[in-house]
Amino acid sequence: MAPALVWLTALMVVPCALVLALAFFRRGIYGGIEYTFTLENFGLVFDPLYAGIFLKSARIAGTATLIAVVIGYAAAYAIAAAPRRWQPVFLFFAVLPFWSNYLIRTYAWIVLLNREGLITQLLRWFGYTGDPPSMLYTEGAVIAGLVYNYLPFVILACYAPLSRLNPELAEASRDLGASAMTTFRRVILPLTVPGIAAGAVFVFVLSIGNFVTPALLGGGRFQMIGNLVYDQFLTANDWPFGAALAMALIAIMLLVLMAQALLADRASGHAAQAAGSADG
């Protein structure tokens, strides 16, 4: 484990420790860092202005996560139910967007959503003659971009437990008189909760700290916490406050990861208990 521990320590623990140390100093009069100990930066994080940005970021990330989980789980379920020989093909198409650059995928949404884009042209082809709808530079555009870019994570995370499910469990449920919906709700869904939780955490953690998608698809109108951290470091030149914001964001991510781990452990325990009861 030594190489992996050295790698994580050098490239994750040490940088995070340096960012945390910066958060306890002051911004210089002309920018830079004044090495005077203070806790003001962490106090500013809870200012209503910045706390509102945190809450808004969490709302947008949560909405994107919910949509991605619903679509991704349905896609993973369909792939797992397909013939075995076709499943690798469908998975290939699911992860195919990852073969292109993140910026290119985001710019593609600008082409789709702008007032003279492909969606507007398609509406006119169907006979729409009104003003072009305003789809770009909206909160919906930001959410759509986040869902599209992170959806493959959910599909892969949900496909793993679905593909390992014993088909005899669903068959036994149907033999006992359960409907298809009851079988899904009481057998299939509980056994795949760890995959759902893992996919949801992927989307939420990556979305709440994202600054590229809000900047491009939101046009700067919808500032998220990632944009605020970016601005503090590269525009306002207030590294200590930017570091405090970054550490608050990391703390939120750690709490989400801990909740996911507890949920997955609890679901695994219930699944093991159910399997033991069935064997008995």
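- Looking at an unreviewed UniProt entry, one finds the protein chain named ABC transporter permease and attributed to Mesorhizobium qingshengii.

Quick look at the layout of surface pockets
- Quantified by volume, the second largest pocket comes out at close to 300 Å³.
- For the lining of the second largest pocket, the secondary structure elements donating two or more residues are α3 (48–81), α7 (139–164), α8 (167–175) and α9 (180–191).
- Ranked by residues supplied to the lining of the second largest pocket, first place goes to α8 with four residues.
- When grouped by side-chain class, the residues that make up the lining of the second largest pocket number ten nonpolar, three polar and two charged.

Thoughts on the pattern of salt bridges
- For the coordinates displayed, the defined rule picks out two salt bridges.
- Across the salt bridge formed by Arg26 and Glu40, the nearest N and O atoms sit 3.2 Å from each other. Highlighted residues: Arg26 in strand β1 (residues 26–27) and Glu40 in helix α2 (residues 40–45), separated in sequence by 14 residues.
- The exposure class of Arg26 is partly exposed, given its relative accessible area of 29%.
- By relative accessible area, Glu40 is classed as partly exposed at 49%.
- Between Glu139 and Arg59 there is a salt bridge whose closest N-O contact spans 2.6 Å. Highlighted residues: Glu139 in helix α7 and Arg59 in helix α3, separated in sequence by 80 residues.

The rules behind these values
Residues numbered from 1 in each chain as written. Predicted model: local features only at pLDDT ≥ 70, side-chain atom pairs only at ≥ 80, totals over all residues. Heavy atoms only, no water. 1 Å grid on protein atoms, 1.4 Å probe; cavity = no way out; pocket = protein on both sides within 12 Å on 5 of 7 lines; lining within 4 Å. Points joined across faces, edges and corners; volume = space filled by probe spheres on them. Helix = DSSP H or I, 4+ residues; strand = E, 2+ residues; numbered from the N terminus. Nonpolar A, V, L, I, M, F, W, Y, C, P; charged D, E, K, R; others polar. Salt bridge = Lys/Arg side-chain N within 4 Å of Asp/Glu carboxyl O. Buried < 20%, exposed > 50% of the residue type's maximum accessible area, 1.4 Å probe, protein only.

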